[in-house]
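Residue strings, one per chain:
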Amino acid sequence: MTEKLLSELTTAQVGGPAKTYVRATSEAEIIEAVSAADAAGEPVLIVGGGSNLLVSDEGFNGTVVHIASEGVEVLPIPACGGANVRVQAGTIWDDFVKLSIENEWVGPAALSGIPGTVGATPVQNVGAYGVEVGEFIASVRTWDREKNTRKTFASADLRFGYRDSVLKRATVNGSPRYVVLTVDFQFTLGSLSSPIRYAELARSLGVEPGQRAESALVREKVLQLRGSKGMVLNPEDRDTFSTGSFFTNPIVPRSTLDSLPEGAPNFPVVVKTSPFTAGVEDPDHVKLSAAWLIQHAGFEKGFGLEGESREIAQGRASLSTKHTLAITNRGGASAEDIFAIARAVRDGVHERFGVTLVPEPVVVNGEI
């Protein structure tokens, strides 16, 4: 056990000290660390890659368990064919995506470049470019802190939604009831990707939406697109010192469109009754573009760096200069600087459009 600043464990590089820090490199060490903290009545914070976590400048007055277990195991092939793969929670997600392409496991290519660990992906039902990780998760093995036992969730039991799951709903202030130990994936086999659903990605690939492309090429194009938006970690680029997309795209009643400017982008909300079905469109709700709302509420790229906007965080934090949806640490930012930019943007969008943006990262001991 050693002292640790949360700023050393998170991609936004903000956050105060942990009272106790434990780096757990195996399933047994994860369970031991969490169980010991629970037995002592200590608050517990779980950290993986730290790409979706913002901790206050005061830090965390409890035990931080850093999930660092790694490993990929190919399980026996089920009767339906394809590939069954079990991945340790601390495995770097993008390394696993690269491995999936090398092994022709179809599905994750569009999720290339997303920072963080495999164990975090089912909690948020991580998604990008029209693909969500829940589409190819078969089950998740966890440690149930309330019952002090392992618990396995089948895919259907996880109740995946837009950036949501049962695991997320059972997490408070970064402290989950269910600590992810391993994630089992089920893939079909082939060199071609799953159908390309996102128009921007389809254009970059030179295909029509719904068509497939070589998974290796999909990965290449996704990394290029994410990189152009500062969404691929790069120590030389301050725009990447962030939690990625800070706000989720709001899902609102369809009637909200009546109060928005003509041409405001909106997308269908698809409700899945089973992980194995395409789902049906919700006729009463639509999904809006958070980035569009932010920009059209008057917040341009780099907000917080120049003029009056600089006064909010003294230029230490700002919206990305490449994308209005990320809040970045320009160097020396505090957690409060990040929170201040977030509050300004959230309040401005609500004042302009009457829509309340919801933060995507987990915020611990902070106010937004």
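About the cut-offs
- Residues numbered from 1 in each chain as written.
- Predicted model: local features only at pLDDT ≥ 70, side-chain atom pairs only at ≥ 80, totals over all residues.
- Heavy atoms only, no water.
- Helix = DSSP H or I, 4+ residues; strand = E, 2+ residues; numbered from the N terminus.
- Rg over C-alpha atoms; globule rule 2.2 N^0.38 Å.
- Buried < 20%, exposed > 50% of the residue type's maximum accessible area, 1.4 Å probe, protein only.
- Contact = heavy atoms within 4.5 Å.
- Areas by Shrake-Rupley, 256 points an atom, 1.4 Å probe, with all protein chains shown as cover.
- Lys, Arg positive; Asp, Glu negative; His and termini not counted.
- Charge placed at Lys NZ, Arg CZ, Asp CG, Glu CD.
- Pairing = 2+ DSSP bridges.
- Axes fitted to C-alpha atoms, helices over the stretch in contact; angles between N-to-C directions.
- Arc of directions from axis to C-beta.
- Core = buried A, V, L, I, M, F, W, Y, C linked by side-chain atoms within 4.5 Å.
- Expected span 1.5 Å × (residues − 1).
- Salt bridge = Lys/Arg side-chain N within 4 Å of Asp/Glu carboxyl O.

Attention now goes to the overall build of the chain. Of the regular secondary structure elements, the chain holds 8 helices and 21 strands. Compactness check: the chain gives a C-alpha radius of gyration of 20 Å against a globular reference of 21 Å for 368 residues, within 12% of the reference. With respect to the principal axes defined by its C-alpha atoms, the chain has extents near 60 × 50 × 40 Å. Put simply, the chain has 368 residues, and 51% of those count as buried. Taking the intrachain contacts of the chain between residues at least 6 apart in sequence as the baseline, contacts between residues at least 24 apart amount to 62%. Carbon together with sulfur atoms contributes 49% to the accessible area of the chain, which is approximately 16,500 Å² in total. Of the side chains in the chain, 34 bear a positive and 44 a negative charge, and the two mean positions are spaced by 2 Å.

Moving on to the environment of Pro235. Summarising the element assignment, Pro235 is placed in the loop between α6 (215-228) and β15 (242-245). On a C-alpha basis, the gap between Pro235 and Gln186 in space is 34 Å, while along the polypeptide they are 49 residues apart.

To continue, consider the sheet that holds strand β6 (residues 72-75). Pairing within the open sheet is antiparallel, and its 5 strands lie in the order β6-β7-β14-β10-β11. Taken across any chain shown, the strands that pair with only one partner, and hence form the sheet edges, are β6 and β11 (149-154). The average angle at which neighbouring strand axes cross in this sheet is 20°, direction not considered. With 6 bridges connecting them, strand β7 (residues 83-88) and strand β14 (residues 178-187) associate as antiparallel partners. Residue pairing in the sheet places Gln88 in a bridge with Thr182 of β14. Contacts between helix α2 (residues 93-102) and the sheet are confined to β6, β7 and β14, with β14 contributing the most and set at about 15° to the helix.

For α2, every residue scored as buried is listed here: Trp93, Asp94, Phe96, Val97, Ser100 and Ile101. An end-on view of α2 places all buried positions within 155° of arc, on one side of the element. With its phi angle positive at about 60°, Glu104 sits one or two positions after the end of α2.

Once that is clear, we can look at the nonpolar core. Ranked by size, the top nonpolar core spans 53 residues in total, and within it Trp93, Phe96, Phe185 and Leu201 carry the most contacts. No other element matches β14, which puts 7 residues into this core. In terms of nonpolar packing, the next biggest core, distinct from the first, is built from 33 residues, Ala12, Ile327, Val345 and Val349 among them.

Residues three or four positions apart in an α-helix share a direction because the helix packs 3.6 residues into each turn. Here helix α1 (residues 27-39) spans 18 Å end to end across 13 residues, near enough to the 18 Å set by a 1.5 Å rise per residue. Just beyond α1, the residue with positive phi is Gly41, at close to 75°.

Strand pairing in a sheet relies on backbone hydrogen bonds. The paired strands run either parallel or antiparallel. If you walk across this open sheet you meet the 3 strands as β16-β18-β17, and the pairing is antiparallel. Looking at which strands have only one partner, the edges of the open sheet turn out to be β16 (251-253) and β17 (266-271). This sheet shows a mean twist of 55° between the axes of neighbouring strands, independent of strand direction. Where β17 and strand β18 (residues 280-288) come together, 5 bridges link them in antiparallel fashion. Among the inter-strand pairings, Val271 is bridged to a residue of β18, identified as Val280.

Moving on, we get to the pattern of salt bridges. Once their charged atoms are close, side chains differing in charge can pair, the charge on each being opposite to the other. Under the criterion given, the structure shown has 20 salt bridges. Glu27 is paired through a salt bridge with Arg150; the nearest N and O atoms lie 2.9 Å apart. Of this pair, Glu27 sits in helix α1 while Arg150 sits in strand β11; the two residues are 123 residues apart in sequence, bridging distant segments of the chain. Classification of Glu27 as buried rests on a relative accessible area of 16%. For the salt bridge of Arg346 with Asp347, the shortest nitrogen-to-oxygen distance reads 3.0 Å.

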